[in-house]
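The residues making up each chain are set out below.
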Amino acid sequence: MNMMQGAISLYSTDSCMTDIEQTDYIRLEENMENIWNAAGQDMEIPSTEPQRQYYFIDKAKKYLEKMSEAAGRPLTFCVTTFGCQMNARDSEKLVGILEQIGYVEEPEEEKADFVIYNTCTVRENANQRVYGRLGQLGRIKKKNPHMMIALCGCMMQEPEVVEKLKKSYRFVDLIFGTHNIFKFAELLATRMESGRTVIDIWKDTDKIVEDLPVERKYSFKSGVNIMFGCNNFCSYCIVPYVRGRERSRDPKAIIREIERLVADGVVEVMLLGQNVNSYGKTLDHPITFAELLKEIEKIDGLERIRFMTSHPKDLSDELIRVMAESKKICRHLHLPVQSGSTRILKMMNRRYTKEGYLDLVNRIKDAIPDISLTTDIIVGFPGETEEDFQETLDVVRKVRYDSAFTFIYSKRTGTPAAVMENQVPEDVVKDRFNRLLQEVQDISAEVCAVHEGTVQTVLVESVNDHDSSLVTGRLSNNLLVHFPGDASMIGKFYPVLLKECRGFYYIGELIK
Ligand code: SAH
Ligand code: SF4
Ligand code: F3S
């Protein structure tokens, strides 16, 4: 066991800790015995996962029952997710555990007894939002000292963040990272028993813990992790540092999870990974992403398959062929270009050229003519000139994306780009950003409108937020359509006439 001086000890050799000196943080290892003794039982704590976590779910449940009795009501939780779909899926895992423990969901953060922020750190403004909201939460907690606050996710993997929290946000009860999220029940039980702050951050892991509880946000669709981490080290990006090395899940575990989801009413899955096209390379019995897709396609009752994100450098002809032949893989590909300038792409360490990307797009469009393409673009990468930027506009005009997420470059400490010379002045970046946005929006309005007047199969997702006489559904190509309907239609497929395109969405009519 890997005991370290100070606050926290950890259980497995692939774990490590933040450098905590304060003695008022809890020694997890010693504390386990206390928890155990408090329960008055003499069974050993399981050492294998997920059994160990089920043991702690049970333990936390007993503490929560006592706390609820004292409060005279059920206790509530609110999980807020920042960042990408990976984080959204992680939050569903947190909710699954919280509900098993017996917490009840409370949509309003200020009213919840236990607030959890699952954080993102991909750009600086993501961090600022968390600190801002945390300050507000601290004021609420002052009035309600029984409130518990947990922070987890990508931001927690940055040592400076944890230092800052320890110094200036001492009211936070529980802090853990991306690699040990599976340990949530164990950490929570420790916090409940000790009443003291618990911090547990691992630097990396090769562990994948299967079969923990998970509570889906939607009954009819679900994200499914197929891999974790990233090995690409694009020079601007912090994700490989906070999500660790790439590791793929066993294909059998993925298929088993999807079969269970389908048995539980799911008709659409979104396969998740930072670079799905390199899926399977590190497995003992390597398989390709295209082969995995073919296996998933065979699952009876599953109607739609989506995936993200695809790195252009690893997108194979085999994948294009499998997509073209598939009846279930949706007609949508998110293919982040980041920049149109080969010179900038090289500095970004993206490992493709402008010409290579455009050639790939042409091959995809030739094989799958009705494909909808979307992308991510960064403006203001260090050293980007007006000519480089014009190359990006040229790619946007040539590819004609259905939509594009455009980002202003954000300097992330510890990445190679953060120390590159020629950081672009803010006013220049803003001007380029506005010009890019205009171009992207004009083109996407034209591209999206091409389906006007056609009948498409739509999966209804929700009752419309603004007008309850309408429902909102999604086409295979990921566009949204609003049309008259009611809640009974949610999770089912309908043929819908796309009457009018309004920029990024359609107004439609059900075909009876
Ligand atoms: N794995 C995915 C991207 C994950 S991050 C891929 O490779 O495509 C999502 C997007 O955030 C990236 O595509 C990129 O456009 C943007 N991004 C990442 N780091 C950034 C930074 N430092 N500044 C601005 N945008 C960034
Ligand atoms: Fe970041 Fe690049 Fe990995 Fe995507 S592929 S997560 S942009 S390092
Ligand atoms: Fe953000 Fe982490 Fe996703 S940094 S974009 S939540 S992988």
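Everything numeric in this text was worked out from a predicted model, so none of it was measured.

1. Observations concerning the packing of helix 2 (residues 51–71) against helix 6 (residues 184–194)
- Contact geometry for helix 2 and helix 6: axes closest at 8 Å, N-to-C directions at 35°. Considering how the two elements wind past one another, helix 2 and helix 6 form a crossing that is left-handed. Contacts from Arg-52, Gln-53, Phe-56, Ile-57, Ala-60, Tyr-63, Leu-64 and Met-67 in helix 2 reach Phe-184, Ala-185, Glu-186, Ala-189, Met-192 and Glu-193 in helix 6.
- Taken together, the residues of the contact of helix 2 with helix 6 sort by class into ten nonpolar, one polar and three charged.

2. Quick notes on the site of ligand 1
- Near ligand 1 lie 15 residues; those nearest to it are Arg-123, Gln-274, Gln-338, Asp-376 and Ser-410.
- At 2.8 Å, a side-chain N or O of Gln-274 approaches a nitrogen atom of ligand 1.
- Considered on its own, ligand 1 offers 540 Å² of accessible surface; in the complex 90% of this is hidden by protein.
- Those elements giving two or more residues to the shell around ligand 1 turn out to be strand 13 (372–379) and strand 14 (403–408).

3. Thoughts on the pattern of salt bridges
- Scanning the entire structure with this criterion turns up 41 salt bridges.
- Of the charged contacts in the structure, one is a salt bridge between Arg-249 and Glu-257, with a shortest N-O distance of 2.5 Å.
- Overall, the relative accessible area of 17% leaves Glu-257 in the buried class.
- Across the pair Asp-394 and Lys-354 runs a salt bridge, and its minimum N-O distance is 2.7 Å. A residue pair is termed long-range when its members are at least 10 positions apart, and Asp-394 in helix 13 (residues 386–399) and Lys-354 in helix 12 (residues 354–367) qualify at 40 residues.
- With relative accessibility at 21%, the residue Asp-394 sits in the partly exposed group.

4. Description of the site of ligand 2
- Ligand 2 sits among Cys-230, Asn-232, Phe-233, Cys-234, Tyr-236, Cys-237, Val-239, Pro-240, Gln-274, His-311 and Arg-350.
- Among the residues forming the shell around ligand 2, the class breakdown is seven nonpolar, three polar and one charged.

5. Some remarks on the layout of surface pockets
- Its boundaries defined by the atoms lining it, the second largest pocket holds a volume of some 720 Å³.
- When contributions to the lining of the second largest pocket are tallied by element, the ones reaching two or more residues are helix 3 (85–101) and helix 8 (251–263).
- For the lining of the second largest pocket, the per-class residue count stands at twelve nonpolar, five polar and 14 charged.
- Mapped onto the domain boundaries, the lining of the second largest pocket takes at least three residues apiece from domain 1 (4–200) and domain 2 (216–330).

6. Quick notes on the pairing of strand 13
- When you tally the buried positions in strand 13, you get eight out of eight residues, the bulk of the element.
- Burial of strand 13 is two-sided: the residues Ser-372, Thr-374, Asp-376 and Ile-378 facing one way and the residues Leu-373, Thr-375, Ile-377 and Val-379 facing the other way are all buried.
- Pairing between strand 12 (residues 332–334) and strand 13: three bridges, direction parallel. By the bridge assignment for strand 13, His-334 is matched with Thr-374.
- Here strand 13 pairs with strand 14 via six bridges, running parallel. Note that in strand 14 the partner of Thr-375 across the bridge is Ala-404.
- Each parallel crossover has a hand, and for strand 13 linked through helix 13 to strand 14 it is right-handed.

7. With respect to the packing of aromatic side chains
- Applying the stated rule across the entire model yields 14 aromatic pairs.
- Residues Phe-233 and Tyr-241 carry aromatic rings whose centres are separated by 5.3 Å and whose planes lie at 80° to one another, so their mutual orientation is edge-to-face.
- Judged by relative accessible area, which is 36%, Tyr-241 ranks as partly exposed.
- Within the aromatic cluster, the residues linked to one another by ring pairs are Tyr-103, Phe-114, Phe-176 and Phe-184.
- Taking the ring centre of Phe-407 as reference, the NZ or CZ of Arg-123 above it sits at 3.7 Å.
- Note that Lys-221 overlies the ring of Tyr-218, its terminal NZ or CZ placed 4.7 Å from the centroid.

8. Concerning unusual backbone geometry
- With omega at 5°, the peptide bond leading from Glu-49 into Pro-50 counts as cis.
- By the secondary structure assignment, Pro-50 is in the loop between helix 1 (28–39) and helix 2.
- One non-glycine residue, Arg-351, adopts positive backbone phi at about 65°.

9. Considerations on the nonpolar core
- In this structure, Ile-258, Leu-271, Phe-289 and Ile-296 are the most contacted members of the largest nonpolar core, which totals 68 residues.
- When residues of this core are assigned to their parent elements, the largest contribution, six residues, is made by helix 14 (residues 426–448).
- Counting contributing residues, this core receives three or more from each of domain 2 (216–330) and domain 3 (355–449).
- If we skip the residues at most four places from it in the chain, Phe-289 touches Ile-226, Leu-271, Val-276, Asn-277, Tyr-279, Phe-307 and Leu-319.
- Formed by 30 residues, the second largest nonpolar core is a distinct cluster that contains Phe-77, Ile-101, Met-148 and Phe-176.

10. Some thoughts on helix 8
- Compared with the 18 Å implied by 1.5 Å per residue over 13 residues, the 18 Å span of helix 8 between its first and last C-alpha is a close match.
- Along helix 8, the residues classified as buried are Pro-251, Ala-253, Ile-254, Ile-255, Glu-257, Ile-258, Leu-261 and Val-262.
- Following helix 8 by one or two positions, Gly-265 has its phi on the positive side, about 105°.

11. Side note on the domain arrangement of the protein chain
- Domain annotation of the protein chain identifies domain 1 (4–200), domain 2 (216–330), domain 3 (355–449) and domain 4 (452–510).
- Taken together, the two surfaces of domain 2 and domain 4 that pack against each other cover about 810 Å², and 57% of this comes from carbon and sulfur.
- Looking at the side of domain 2 facing domain 4, the largest losses of area belong to Phe-220, Arg-304 and Arg-306, adding up to 61% of the total buried there.
- Lys-221 is paired through a salt bridge with Glu-461; the nearest N and O atoms lie 3.0 Å apart.
- For the pair domain 2 and domain 4, the number of links is five residue pairs in polar contact (both at pLDDT 80 or more).
- Within the side of domain 2 that touches domain 4, the residues separate by chemical class into three nonpolar, no polar and five charged.

12. Looking at the pairing of strand 11 (residues 304–308)
- Where burial is concerned, most of strand 11 is hidden: five out of the five residues are buried.
- On strand 11, burial covers both faces: Arg-304, Arg-306 and Met-308 on one face and Ile-305 and Phe-307 on the other are all buried.
- Note that strand 10 (residues 268–272) and strand 11 share five bridges and pair parallel. Bridge pairing in strand 11 links Leu-272 to Met-308.
- Note that the unit made of strand 10, helix 9 (residues 289–297) and strand 11 has a crossover that is right-handed.

Rules and cut-offs
Residues numbered from 1 in each chain as written. Chains lettered and ligands numbered in written order. Predicted model: local features only at pLDDT ≥ 70, side-chain atom pairs only at ≥ 80, totals over all residues. Heavy atoms only, no water. Axes fitted to C-alpha atoms, helices over the stretch in contact; angles between N-to-C directions. Helix = DSSP H or I, 4+ residues; strand = E, 2+ residues; numbered from the N terminus. Left-handed = near helix turned anticlockwise from the far one by under 90°. Contact = heavy atoms within 4.5 Å. Nonpolar A, V, L, I, M, F, W, Y, C, P; charged D, E, K, R; others polar. Near = heavy atom within 4 Å. Polar contact = N/O pair within 3.5 Å; in protein donor to acceptor, adjacent residues only side chain to side chain. Areas by Shrake-Rupley, 256 points an atom, 1.4 Å probe, with all protein chains shown as cover. Salt bridge = Lys/Arg side-chain N within 4 Å of Asp/Glu carboxyl O. Buried < 20%, exposed > 50% of the residue type's maximum accessible area, 1.4 Å probe, protein only. 1 Å grid on protein atoms, 1.4 Å probe; cavity = no way out; pocket = protein on both sides within 12 Å on 5 of 7 lines; lining within 4 Å. Points joined across faces, edges and corners; volume = space filled by probe spheres on them. Domains from an automatic or database assignment. Pairing = 2+ DSSP bridges. Right-handed = clockwise from strand over helix to strand, strands pointing away. Phe/Tyr/Trp six-rings, centres within 6.5 Å; stacked < 30°, edge-to-face > 60°. Lys NZ or Arg CZ within 6 Å of the ring centre and 35° of its normal. Core = buried A, V, L, I, M, F, W, Y, C linked by side-chain atoms within 4.5 Å. Expected span 1.5 Å × (residues − 1). Buried area = accessible area lost by both parts, 1.4 Å probe.

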